[in-house]
Amino acid sequence: RAGFAALIGRPNVGKSTLLNALTGEKIAIVSPKPQTTRNRILGVVTRPEGQVAFIDTPGIHQAKGELNRYMVEAAISAAEEVDLVLFLIEPPQGETLDVTPGNRAILERLEKVGKPTFLVINKIDSIPKAKLLPLIALYGQEFPFAEVVPISAREKDGVDHLFQVVLGHL
Ligand code: GDP
Ligand code: MG
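Parameters at a glance
- Residues numbered from 1 in each chain as written.
- Chains lettered and ligands numbered in written order.
- Predicted model: local features only at pLDDT ≥ 70, side-chain atom pairs only at ≥ 80, totals over all residues.
- UniProt positions renumbered as here; feature names shortened; annotations may be inferred.
- Helix = DSSP H or I, 4+ residues; strand = E, 2+ residues; numbered from the N terminus.
- Buried ≥ 20, exposed ≤ 12 C-beta atoms within 10 Å, placed from the backbone.
- Contact = placed C-beta atoms within 7 Å.
- Core = buried A, V, L, I, M, F, W, Y, C linked by C-beta atoms within 7 Å.
- Axes fitted to C-alpha atoms, helices over the stretch in contact; angles between N-to-C directions.
- Parallel < 35°, antiparallel > 145°, perpendicular 65-115°, else oblique.
- Left-handed = near helix turned anticlockwise from the far one by under 90°.
- Nonpolar A, V, L, I, M, F, W, Y, C, P; charged D, E, K, R; others polar.
- pLDDT = per-residue confidence, 0-100.
- Pairing = 2+ DSSP bridges.

The protein carries the name GTPase Era in an unreviewed UniProt entry, which gives Corallococcus exiguus as its organism. Comment text from UniProt for the protein, heading Sequence similarities (unreviewed entry), reads "Belongs to the TRAFAC class TrmE-Era-EngA-EngB-Septin-like GTPase superfamily. Era GTPase family." Under the UniProt heading Subunit (unreviewed entry), the entry covering the protein gives this text: "Monomer."

Below you can see the structure in the form of structure tokens.
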């Protein structure tokens, strides 16, 4: 099995951290500041079971409340070129659950692209497990995800499983 997967999501959700965790190398710059990844970065993971090339898409800083068209266009054009999409989110902070307008905008466009899309909930180390299910339900209403995979890219929790899930769909 072999193929291409795009890492798509708003700035700071952990796309570059995930790429590094998958490849075991520091290919992509990780930073608490958005806008760190300016160009696409390709990381290839080769295992006995198969090979996947992951594309880390640029994250561009988004002014509050304003949709960043460039970021969305970059994400969508990457999605068009791959076999499947990993759509990353981070758990919302505080009590309120919400699909942010920025995520909704990308999801609407992704639906038209029509590639198998996985919801990757990153940073699960930062929330209680009880918050996961409502989050999965909320996003499940927004988009027909092929599968939901909770991970912590930083702790490398669930990352191997995610790789196997991706391979299973190629
Ligand atoms: P990107 O903009 O989507 O590429 O996000 P980065 O990979 O640059 O990560 C943004 C910030 O989130 C950095 O400070 C990371 O250390 C942090 N981060 C990434 N993954 C995790 C995770 O699994 N758990 C936690 N707590 N923080 C994370
Ligand atoms: Mg990045």
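We now examine the overall build of the protein. Within the protein, the regular secondary structure consists of five helices and six strands. N-terminal to C-terminal, the α/β element order of the protein is β-α-β-β-α-β-α-β-α-β-α. Each of the 170 residues in the protein was classed as buried or not, and the buried ones make up 32%. Sequence-distant contacts, at least 24 apart, represent 69% of the contacts inside the protein between residues at least 6 apart.

Counting residues in each nonpolar core, the largest one holds 37 residues, and the members touching the most others are Ala6, Leu7, Ile8, Leu86 and Val120. The set of elements that each furnish at least two residues to this core consists of β1 (2-8), α1 (15-23), β3 (50-56), α2 (69-81), β4 (84-89), α3 (101-113), β5 (117-121) and α5 (159-168). Considering each element in turn, this core owes the most residues, five residues, to α2. Discounting residues that sit within four places of it in the chain, Val120 has contacts with Leu86, Phe87, Leu88, Val149, Ile151 and Leu162.

This part is about the packing of α2 against α3. The contact between α2 and α3 brings their axes to 10 Å, and the two run at 25°. Regarding the angle of α2 to α3, the classification is roughly parallel. Once α2 is placed against α3, the crossing between them reads as right-handed. Contact residues: α2 offers Val72, Ala75, Ile76, Ala79 and Glu80, while α3 offers Ala105, Ile106, Arg109, Leu110 and Val113. Grouping the constituent residues of the contact of α2 with α3 by class yields eight nonpolar, no polar and two charged.

This part takes up the confidence of the model for the protein. Per-residue confidence for the protein gives a mean pLDDT of 87; residues scoring 70 or more make up 89%. Counting interchain partners and residues more than four positions distant, the pLDDT-below-50 stretch residues 63-67 has four contacts.

Once that is clear, we can look at α1. Burial runs high along α1: eight of the nine residues are buried. Listed in full, the buried residues belonging to α1 are Lys15, Ser16, Thr17, Leu18, Leu19, Asn20, Ala21 and Leu22. On its buried face, α1 sits against β1, β2 (41-47), β3, β4 and α5.

This brings us to the pairing of β3. Pairing analysis gives six bridges linking β1 to β3, with the strands arranged parallel. Bridging from a neighbouring strand, Phe4 pairs with Ala53 of β3. Alignment of β2 against β3, held across seven bridges, turns out to be antiparallel. Counterpart to Val45 in the pairing with β3 is Val52. Following β2, the chain reverses through two residues before pairing antiparallel with β3.

The strand order across the open sheet formed by six strands is β2-β3-β1-β4-β5-β6, and the pairing between neighbours is mixed. At either end of the open sheet lies a strand with only one pairing partner, and these are β2 and β6 (147-150). Along the sheet, successive strands turn relative to each other by an average axial angle of 25°, direction set aside. Sitting on the sheet, helix α4 (residues 132-142) is in contact with β4, β5 and β6, with an inclination near 150° to β5.

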